[in-house]
Amino acid sequence: MGYGQVNAAAAAVVAAGAAGKSAVRAVPYKGEKYFGHGPADSPITHPPIDSEYLIIGGTGAGIGLLLLVGAFLLLRRPRARKT
């Protein structure tokens, strides 16, 4: 602040000219080659699902759904009859 206006074009030219050569090069892969799905075993392993939590959650969801349907059937308004 206080040093005048910014010359964006000149700043871009200076920044573009300041970059040096990159020392990073692509190196070809010399390991095992796979076609299709790769190795037979998956490199990622997951812990087994705890069936106790699955049963408790399913039971709770079922009871909640039954209560919701029961409340709907008990609290719905009767239709007006035409006479």
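Residues numbered from 1 in each chain as written. Predicted model: local features only at pLDDT ≥ 70, side-chain atom pairs only at ≥ 80, totals over all residues. Heavy atoms only, no water.

Asker: Can you help me understand the overall build of the protein chain in this one?
Answerer: A count of helices and strands for the protein chain gives two helices and zero strands. Accessible area for the protein chain stands at about 9200 Å²; split by element, carbon and sulfur atoms hold 64% of it. (Helix = DSSP H or I, 4+ residues; strand = E, 2+ residues; numbered from the N terminus. Areas by Shrake-Rupley, 256 points an atom, 1.4 Å probe, with all protein chains shown as cover.)

Asker: Please clarify how helix 2 (residues 51–75) should be interpreted in this entry.
Answerer: One turn of the α-helix equals 3.6 residues, which is why residues spaced by three or four share an orientation. Over its 25 residues, helix 2 extends 36 Å from the first C-alpha to the last, a length consistent with the 36 Å expected when each residue adds 1.5 Å. With zero of 25 residues buried, helix 2 lies mostly on the surface of the structure. (Expected span 1.5 Å × (residues − 1). Buried < 20%, exposed > 50% of the residue type's maximum accessible area, 1.4 Å probe, protein only.)

Asker: Please explain a nonpolar patch on the surface as it appears in this structure.
Answerer: A contiguous nonpolar patch, built from Leu-65, Leu-68, Val-69, Phe-72 and Leu-73 and spanning about 540 Å² of accessible area, is present on the exposed surface. Inspection of the secondary structure assignment puts Leu-68 in helix 2. (Patch = residues over 30% accessible without salt bridge, like charges linked within 9 Å, V, L, I, M, F, W, Y side chains within 5 Å. Salt bridge = Lys/Arg side-chain N within 4 Å of Asp/Glu carboxyl O.)

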